[in-house]
Amino acid sequence: MKHDNSKDQQLYIRRLEQHRKMVLFIQVFLLITFIAAWEICSDLGWINSFIFSSPSRMIQSGIALWQSGNLPMHIGITLAETFGSFLLVAAFTILTAILLWWNQTCSEILEPYLVVLNSLPKSAMAPIFIVWLGNNMKTIIVTSISVAIFGSILNLFTNFRSTDPDKIKLIMTLHGNRLDCLAKVVIPMNLPAILSILKTDIGLCLIGVVIGEFLAARQGLGYLIIYGSQVFKMDWVMLSIVLLCLIAVVLYQCIARLEKHFL
């Protein structure tokens, strides 16, 4: 019976691995097919290569920008702004959610304001930030923070508030205090939720950085998109969009690996 169970388990694991490889193969195949179709349609004139660019033209533009030193600079600025805003969002989100959970009166007062601020169109706030802070990196980081922080606080606070009350009562029964409940029940039980929110935040921070760079930057991939569209360098625009997609995937995978490590 043991031997049969072992064989069944190995067969199940093999099927899972085959399914994973099949999914990966289809994903890569679709990507390659899309790139090839894009290039062929551009070469045959079925689409306007000046407007829609093409993979080969994007690669040529990317090489030229890299050799000039402009592309590494733009990528580095966008990454620095994204990481800076993400770290601030993560710290403020966790601390504010803890404060709201700790003090019920404070949560009752602030929760409606957080809901209103979360529903505001953040792109409309960027011009106000420019007036307040000037046309600089601070404006971009604040814009990025405003995109991610309010929804993250609400989601994390909701998870904190829905923590199993019986376990909290057990801690209090054993003469524990509010800090014991936080350290031994609330944080450990909500660690998956915290990491899941951080995975979402890294993408939102990147979006916020790009919005900020559209309006208040002279460097970064967002600025390169705006500048490229203004001078009709669509190769730069499409290249920047592709790079932003790649950066988003890499950052998401980094947080996902961190989540896997902790969980």
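Since the model is a prediction, treat every value here as computed from it, not as a measurement.

Draft legend 1. Highlighting the pattern of salt bridges. Overall, the coordinates contain three salt bridges when judged by the stated rule. In this structure, the salt-bridge partner of Arg20 is Glu17, at a minimum N-O distance of 2.6 Å. One end of the pair, Arg20, and the other, Glu17, are both in helix α1 (residues 2-43), three residues apart, so they sit about a helical turn from each other. A relative accessible area of 44% means that Arg20 is categorised as partly exposed. On the basis of relative accessible area, Glu17 is assigned to the partly exposed category, the value being 33%. A salt bridge links Asp235 to Arg57; its shortest N-O distance comes to 3.4 Å. With a gap of 178 residues between them, Asp235 in helix α12 (residues 234-262) and Arg57 in helix α3 (residues 55-68) connect regions that are remote in the sequence. Residue classification places Asp235 among the buried positions, given a relative accessible area of 13%.

Draft legend 2. Structural context of the packing of aromatic side chains. Scanning the entire structure with this criterion turns up six aromatic pairs. Look at Phe25 and Phe29: their rings are 6.2 Å apart centre to centre, the planes differ by 20 degrees, and that puts the pair in the stacked class. With a gap of four residues between them, Phe25 and Phe29 both fall in helix α1, about one helical turn apart. We classify Phe25 as exposed; its relative accessible area is 58%. Three or more aromatic residues link up through ring pairs in this structure, and these residues are Tyr223, Tyr227 and Trp236. One residue, Arg178, lies across the ring of Trp101, its end atom 4.0 Å from the ring centre.

Draft legend 3. The arrangement of the environment of Ile194 in detail. By secondary structure assignment, the location of Ile194 is in helix α10 (residues 191-216). In the structure, Ile194 is positioned 39 residues away from Asn155 in sequence and 9.2 Å away in space, judged by C-alpha atoms. If sequence neighbours within four positions are ignored, Ile194 has contacts with Ile94, Leu156 and Phe160.

Draft legend 4. Structural context of the environment of Lys167. Mapped onto the elements, Lys167 comes out in helix α8 (residues 165-173). Taking the C-alpha atoms as reference points, Lys167 and Gly212, separated by 45 residues in sequence, lie 44 Å from one another. Not counting the four nearest positions on each side in its chain, Lys167 is found in contact with Val185 and Met189.

Draft legend 5. Representation of unusual backbone geometry within the structure. Of note in the backbone geometry, Ser53 takes a positive phi value of approximately 60 degrees without being a glycine. Note on placement: Ser53 falls in the loop between α2 (49-52) and α3. Even without a glycine there, the phi angle at Phe232 is positive, about 60 degrees. Its location among the elements puts Phe232 in the loop between α11 (221-230) and α12.

Draft legend 6. View of helix α6 (residues 122-133). The terminal C-alpha atoms of α6, which comprises twelve residues, lie 16 Å apart, in line with the 16 Å expected from a rise of 1.5 Å per residue. Among all positions in α6, only Lys122, Ala126 and Phe129 are buried. What you see down the axis of α6 is that its buried residues fit within an arc of 75 degrees, all on one side. Turning to α6, the residues buried within the fold contact α5 (104-119), α7 (137-161) and α10. Downstream of α6 by a residue or two, Gly134 has a phi angle that is positive, lying close to 95 degrees.

Draft legend 7. How the structure looks around the nonpolar core. One finds Leu71, Trp101, Phe160, Leu198 and Leu221 to be the most contacted residues of the largest nonpolar core, which totals 48 residues. Of all the secondary-structure elements, those providing two or more residues to this core are α4 (70-102), α5, α7, α8, α9 (178-189), α10, α11 and α12. Tallying contributions element by element places α7 first for this core, with ten residues. With near-sequence residues (within four places) excluded, Leu198 lies in contact with Phe86, Ala90 and Ile255.

Calculation rules
Residues numbered from 1 in each chain as written. Predicted model: local features only at pLDDT ≥ 70, side-chain atom pairs only at ≥ 80, totals over all residues. Heavy atoms only, no water. Salt bridge = Lys/Arg side-chain N within 4 Å of Asp/Glu carboxyl O. Helix = DSSP H or I, 4+ residues; strand = E, 2+ residues; numbered from the N terminus. Buried < 20%, exposed > 50% of the residue type's maximum accessible area, 1.4 Å probe, protein only. Phe/Tyr/Trp six-rings, centres within 6.5 Å; stacked < 30°, edge-to-face > 60°. Lys NZ or Arg CZ within 6 Å of the ring centre and 35° of its normal. Contact = heavy atoms within 4.5 Å. Expected span 1.5 Å × (residues − 1). Arc of directions from axis to C-beta. Core = buried A, V, L, I, M, F, W, Y, C linked by side-chain atoms within 4.5 Å.

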